[in-house]
Amino acid sequence: DVKVTQSSRYLVKRTGEKVFLECVQDMDHENMFWYRQDPGLGLRLIYFSYDVKMKEKGDIPEGYSVSREKKERFSLILESASTNQTSMYLCASRPSGRGQEQFFGPGTRLTVL
Amino acid sequence: AQSVTQLDSHVSVSEGTPVLLRCNYSSSYSPSLFWYVQHPNKGLQLLLKYTSAATLVKGINGFEAEFKKSETSFHLTKPSAHMSDAAEYFCVVSDRGYNFNKFYFGSGTKLNVKP
């Protein structure tokens, strides 16, 4: 079974702090994704990566950056957390090829005070 | 451009009755279509996917969906609801052209199952 793990299930941070969210997948997938999920808005793509050190902006990249130094690990960074970044963050991975689905981690619920 | 519309934000059914969750999409290319389920405080789990083979797709837990190109629909059905089906369901479309890494999510349908 594909496993996608996220470093924390719940996280509470203060405004202005630098926040790291870590995601690890164990199936050698080329592609990894970070989404945020807010009620009534579905999932919105923040960034994705199709290879080590490669990244592309999604629909809402402002206020976020990412790092992919190893194939299995994809980190989301909030340089200076703000209250409007309080959300559920979901990581996903998928193999290359058309029609392949994404595999999701359990999510990190981040609260910024 | 791709988009997905889930026509109902909430659906309530009684246990043992049929479930219908509606999804319409727009796509410039022949799409791949997916349904995911999310239980409270969990990640998303794949229920089923359509990628251009049979138009009637069977998934896990008794769910199925039919791809209707003429109606641009991919509705999710189940003959008999179970209490454990209470969750949020997302319809997703991805491009099978150049941007096949781009997935478009509907806003979700919350399914309530009454005893």
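In case you missed it, the structure is sitting above this.
Residues numbered from 1 in each chain as written. Chains lettered and ligands numbered in written order. Predicted model: local features only at pLDDT ≥ 70, side-chain atom pairs only at ≥ 80, totals over all residues. Heavy atoms only, no water.

Scanning chain A from N- to C-terminus turns up zero helices and eleven strands. Scanning chain A from its N terminus toward the C terminus, one meets helices and strands in the order β-β-β-β-β-β-β-β-β-β-β. Against the globule reference of 13 Å for 113 residues, chain A gives a C-alpha radius of gyration of 13 Å, in line with a compact fold. With respect to the three principal axes, the spread of C-alpha positions in chain A is 40 × 30 × 25 Å. The buried share of chain A, taken over its 113 residues, is 50%. Restricting to contacts in chain A with at least 6 residues of sequence separation, those with at least 24 account for 55%. (Helix = DSSP H or I, 4+ residues; strand = E, 2+ residues; numbered from the N terminus. Rg over C-alpha atoms; globule rule 2.2 N^0.38 Å. Buried < 20%, exposed > 50% of the residue type's maximum accessible area, 1.4 Å probe, protein only. Contact = heavy atoms within 4.5 Å.)

Attention shifts here to the environment of Asn112 of chain B. Residue and element names in this part refer to chain B. Mapped onto the fold, Asn112 is located in strand β12 (residues 109-114). The exposure class of Asn112 is partly exposed, given its relative accessible area of 40%. C-alpha of Asn112 to C-alpha of Ser9: the two residues are 103 residues apart in sequence and 11 Å apart in space. Apart from residues no more than four positions distant in its own chain, Asn112 is found in contact with Val11, Ser12 and Val13.

In this section: the packing of aromatic side chains. With the rule as written, the count across this model stands at 14 aromatic pairs over all chains. Here the aromatic rings of Tyr35 of chain A and Phe104 of chain A are separated by 5.9 Å at their centres, their planes lie at 40°, and the arrangement is tilted. Here the residue Tyr35 of chain A occupies a position in strand β4 (residues 31-38), and Phe104 of chain A occupies one in strand β10 (residues 103-104), the gap between them amounting to 69 residues. Residues Tyr35 of chain A and Phe104 of chain A agree in their burial class; the two are buried. Taking 4.1 Å as the distance between ring centres and 15° as the angle between the ring planes, the aromatic pair formed by Tyr50 of chain B and Phe67 of chain B counts as stacked. (Phe/Tyr/Trp six-rings, centres within 6.5 Å; stacked < 30°, edge-to-face > 60°.)

Our focus in this paragraph is the interface of chain B and chain A. For an interface, size is often stated in terms of accessible area lost upon the parts coming together. Each partner contributes to the interface: chain B provides 22 residues, whereas chain A provides 25 residues. Of the roughly 1900 Å² buried where chain B meets chain A, counting both sides, 54% is carbon and sulfur surface. Where chain B packs against chain A, one counts two salt bridges. A salt bridge links Glu101 of chain A to Lys49 of chain B; its shortest N-O distance comes to 2.6 Å. Where chain B meets chain A, there are six residue pairs in polar contact (both at pLDDT 80 or more). (Buried area = accessible area lost by both parts, 1.4 Å probe. Salt bridge = Lys/Arg side-chain N within 4 Å of Asp/Glu carboxyl O. Polar contact = N/O pair within 3.5 Å; in protein donor to acceptor, adjacent residues only side chain to side chain.)

These results come straight from atomic positions and should not be treated as a statement about function.
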